Amino acid sequence: MSTLPATDTRQDMRLVPAALACWLAALAGLLLGWGTAVAVGLTSAVVAGLLLWRARGRPRVLGAAAALLVLGLVAAGPVAWRIRDAQRDDLRTVADRGLPAVLRVVVTERPKPVRSAGYADQQAGARSVVLAADVRTASVDGRPVPSTGRVLLLAPVAQWAALLPGQDVTATGVLMPPRGSDLTVAVLSVRGPPGEPGPAPWWQRAAAGLRAGLHDLCQDLPDEPAGLLPGLVLGDTSALSPRVEQEFVTAGLAHLTAVSGGNLAVACGAVLLLLRLLRLGPRLSAVAAGACLAGFLMLVGPEPSVLRAGVMAAVALLALMLGRRGSALPALAFAVGLLVVADPAMATHFGFALSVFATAGLVLLAPRWATALIRRGVPPGFAEGLAIPLAAFLVTAPVLAGMAGSVSLVSVLANVLAAPVVAPATVLGVLATVVGPWWPGAGTVLVHLADPEARWLITVARHGARTPGAVVAWPGGWTGGLLAAAVLAVLVLAARHRRVRLVLAVLVVGALLVFVPVRVLAPAWPPRNWAMVECDVGQGDAVVLATAEPGRAVVVDTGPEPGPVDECLHRLAVDRIPLLVLSHLHADHIGGLASVFEGRTVGAIAVGPGRAPEWAWRQVAAEATRQAVPLVELNPGERLAWPGLALDVLGPRYVPARSPGHQDGTTINNSSVVLRAETPAGRVLLTGDVELAAQADLLADVGNLKAEVLKVPHHGSRYSLPSFLAAVAPRVALVSVGAGNTYGHPSKSTMDSLVALGALVTRTDMDGDTAVVTGTAIVRRGEPRGPPRR
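Residues numbered from 1 in each chain as written. Predicted model: local features only at pLDDT ≥ 70, side-chain atom pairs only at ≥ 80, totals over all residues. Heavy atoms only, no water.

**Q** Report on the overall build of the protein, specifying residues and quantitative values.
**A** On a plain count of helices and strands, the protein comes out with 28 helices and 26 strands. Split into buried and exposed, the 790 residues of the protein put 49% on the buried side. Long-range pairs, those at least 24 residues apart, make up 71% of the contacts in the protein between residues at least 6 apart in sequence. For the protein, the accessible area works out to roughly 35,500 Å², and carbon and sulfur atoms hold 64% of it. Charged side chains in the protein number 65 positive and 53 negative. The centres of these two groups are separated by 13 Å. (Helix = DSSP H or I, 4+ residues; strand = E, 2+ residues; numbered from the N terminus. Buried < 20%, exposed > 50% of the residue type's maximum accessible area, 1.4 Å probe, protein only. Contact = heavy atoms within 4.5 Å. Areas by Shrake-Rupley, 256 points an atom, 1.4 Å probe, with all protein chains shown as cover. Lys, Arg positive; Asp, Glu negative; His and termini not counted. Charge placed at Lys NZ, Arg CZ, Asp CG, Glu CD.)

Listed below in structure tokens is the structure:
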């Protein structure tokens, strides 16, 4: 939770031009070459010299010019030189050759897991970690290469996740060129474990123990709050589910899981408040808050936003110790200048920019807006609660728009609803982290006290993400960011005039009157009389078959991860599932299993004869036991029926041996349950991921495969027999495929075969959820999920 500065909204601006000039010089140097940093820095110094010559007794101008002169020269000298060293590093020059290398490095940041959705026999989760490190020695293709640059290590999670900042390790792998515009000189794709790891500093070991202790305490909570609480307190999202993470992004709450000034303000503010209540002096209070600040920084790690907030807080505490009334804006400008000089790579870091802009908005805009609202009769608490998220949204929207290619329209409301519980959750989480190792019982109580707050935040994010039109697509990159800034600038300037404000208010009310009834009161989705929906769950499958009873449907497969299938069922208003069929046990078909049960009753889980891969079978059996639903097996020849829906089990015709040994992906795909559904829209053939052998078995053993609707096998892969597709002769062919997938799905040859048969082909990566209605008409939701997260 953030608090507004004092009611006096005047701020000392003298350091602001110098900080901006230094930031701009570093940014230009990283993006355009080190010579640009020299040019920007020298230009700033020349401007500062002219201001000093013409100031003539104006102290504020003299102070601003002196700061600009100093930081301009620093930007043209040390900052530009560091950028030059990185851009000319010998390791960078050989990185694009893909050569083997052995590096001795010092880890500088905690390993960050790289999550990926499940596919085939690969379980969803983190399989790799990314580590930033500084090179000590390097050998490329057996030859020494002089380098002292910064590298990124892409390494196996099991062997590298436990490393801590400050450890020396030897990394062996293949070099790749860096992608970002920062000081990184190379990326090393690591093979094998870390070699000869040195000891980590004692404070890093202590911090790691405290973080692990919080995770252990959170194990008593349900999965989603247990993963969120360490993120709120420490910025540690390693246990946060991908679904919750995406919902926080959509609702504009992602900043809550990225430790920033808000966390420091809460932690240090609680210490200051406690000591002031005990009537201790300002100097002693500042020293205690400074100790809290140092401990918190060591606990969470050197993230850019944390360092920015830490430097700013240290300046403010120093002013408190000296008995001077500090100013937030000079502290922010000092923090920006100091951190960019210390690490020029900060200049291109989105998290750093978001943190600086949000703080500037809280300092410059929020107090004025809160005061204006109070003058109009709004109670002070409500005025600040509205002004803070609105100011933060306004100043960060351009950065977020350029970074994400979208704008969240529910961000302000979501942050207003979230604000009351952020501070209690943070304080309780910090106390649990510190107390837990010494008094586990008290730590457990504190974590359980923070559980309702975490659940409330998840509820706000989930409902915000589900709001129709919650996110508006926007051009990405620098163009999108500058366009968003221009639009906001025009709106802010226009809103200063009373008549323009009135026109804008009329336009907003008119838009609400037009679009809200259309999107909410009379939504276009789901279509009336839908018989089947192919859900857009990314690179995976999930099909919903309607019965004649509203809200009751059979589900076949659940996609690669929790969340998307739940959202699809929520949009369809399905709350009763008499049967949940898993065609086979590959991860992209069972990954969303748990989320199907959220708010719904499920009669049974049905599977085919396959039991591979073993981890997937154990996961399905465990979920069935946890939900107390029967787990049944389907076999060819069986028929199941409900009002308005009947299912015939056609396959698998070939049953693999149930052995604990490894089965390849093709064998598992060919053991898919194949169903033919009788629906009001005609016959629907659901094929799972059957490939050539299984399709040939169906052609040989089933007399009539003809169906009006075909769920195309295996995401439209090239392993489809033209004779099989011709035997089905579908009028509609639905392809469930993820945007930007790396598997080549769907295959052009398969798509061409379907088109040649006269089928109407739809793809979830382009059309979003796709419904078949009575009469075999197609309705596309038209809101695909977009490319997979990486």
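Next comes the rest of the write-up.
**Q** Which residues make up the pattern of salt bridges, and what are the values?
**A** Using the criterion set out here, one finds 28 salt bridges in the structure. Salt-bridge contacts for arginine 462 lead to glutamate 224; the nearest nitrogen and oxygen are separated by 2.9 Å. Placement of the pair is arginine 462 in helix 17 (residues 440–466) and glutamate 224 in helix 7 (residues 223–234), with a sequence separation of 238 residues. The burial state of arginine 462 is the same as that of glutamate 224; both residues are buried. A salt bridge links arginine 243 to glutamate 567; the shortest N-O distance between them is 3.4 Å. With arginine 243 in helix 8 (residues 242–250) and glutamate 567 in helix 20 (residues 564–571), this residue pair connects regions lying 324 residues apart in the sequence. Of the two residues, arginine 243 and glutamate 567, neither departs from the other in class, the shared state being buried. (Salt bridge = Lys/Arg side-chain N within 4 Å of Asp/Glu carboxyl O.)

**Q** Residues and numbers for the layout of surface pockets, please.
**A** The computed volume of the second largest pocket comes to approximately 370 Å³. Cys292, Phe296, Val430, Leu431 and Val434 are, among the 16 residues lining the second largest pocket, the residues nearest its centre. Among the secondary structure elements, those contributing two or more residues to the lining of the second largest pocket are helix 9 (261–277), helix 10 (282–300) and helix 16 (411–435). At six residues, the largest contribution of residues to the lining of the second largest pocket is made by helix 16. (1 Å grid on protein atoms, 1.4 Å probe; cavity = no way out; pocket = protein on both sides within 12 Å on 5 of 7 lines; lining within 4 Å. Points joined across faces, edges and corners; volume = space filled by probe spheres on them.)

**Q** Any chance you could break down empty space enclosed by the protein for me, citing the residues and the numbers?
**A** For the structure shown, the criterion picks out two cavities of 30 Å³ or more. In this structure, the largest cavity encloses a volume near 60 Å³. Together, Asp541, Val543, Val556, Asp557, Ser583, Val673, Leu686, Thr687, Gly688 and Lys711 line the largest cavity. Considering only enclosed or pocket space, the second largest cavity measures out at about 50 Å³ in volume. As for the second largest cavity, its lining consists of Leu582, Ser583, His584, Leu585, Gly608, Pro609, Gly610, Arg611, Ala612, Ile668 and Ser671.

**Q** Can you explain the sheet that holds strand 20 (residues 674–679)? Please cite residues and give values.
**A** Overall, mixed pairing links the seven strands, which are arranged 18-19-20-21-22-23-24 in an open sheet. At either end of the open sheet lies a strand with only one pairing partner, and these are strand 18 (639–642) and strand 24 (760–763). Between one strand axis and the next, the sheet turns through 20 degrees on average, direction left out of account. With four bridges connecting them, strand 18 and strand 19 (residues 645–651) associate as antiparallel partners. In the strand pairing of strand 19, tryptophan 642 is matched with leucine 645. Across the sheet, helix 27 (residues 748–756) lies against strand 22 (709–711), strand 23 (732–735) and strand 24, angled at about 145 degrees from strand 24, the strand it touches most. (Pairing = 2+ DSSP bridges. Axes fitted to C-alpha atoms, helices over the stretch in contact; angles between N-to-C directions.)

**Q** Let's hear about helix 16: which residues, and what values?
**A** Taking 1.5 Å per residue as the helical rise, helix 16 with its 25 residues ought to reach 36 Å, and the 34 Å between its terminal C-alpha atoms agrees with that figure. Along its length, helix 16 reaches its greatest deviation from straightness, about 45 degrees, at alanine 419, and the proline proline 420 lies no more than four positions downstream. (Expected span 1.5 Å × (residues − 1). Bend = angle between axes of the 7 residues up to and from the residue.)

**Q** How would you sum up the packing of helix 13 (residues 350–364) against helix 14 (residues 366–375)? Please name residues and give values.
**A** At their nearest, the axes of helix 13 and helix 14 sit 4 Å apart, and the two run at 40 degrees to each other. Each of Gly361, Leu362, Val363 and Leu364 in helix 13 lies in contact with helix 14, whose residues at this interface are Ala366, Pro367 and Arg368. Looking at side-chain class alone, the contact of helix 13 with helix 14 contains five nonpolar, one polar and one charged residues. (Nonpolar A, V, L, I, M, F, W, Y, C, P; charged D, E, K, R; others polar.)

**Q** Let's hear about the packing of aromatic side chains: which residues, and what values?
**A** All told, the structure shown has three aromatic pairs when counted by the stated rule. Seen in terms of ring centroids, tryptophan 23 and phenylalanine 357 are 5.9 Å apart; in terms of plane orientation they differ by 50 degrees. Their pairing is tilted. Residue tryptophan 23 is located in helix 1 (residues 16–32), and its partner phenylalanine 357 is located in helix 13; the two are separated by 334 residues in the primary sequence. According to the relative accessible area criterion, tryptophan 23 is buried, its value standing at 9%. (Phe/Tyr/Trp six-rings, centres within 6.5 Å; stacked < 30°, edge-to-face > 60°.)

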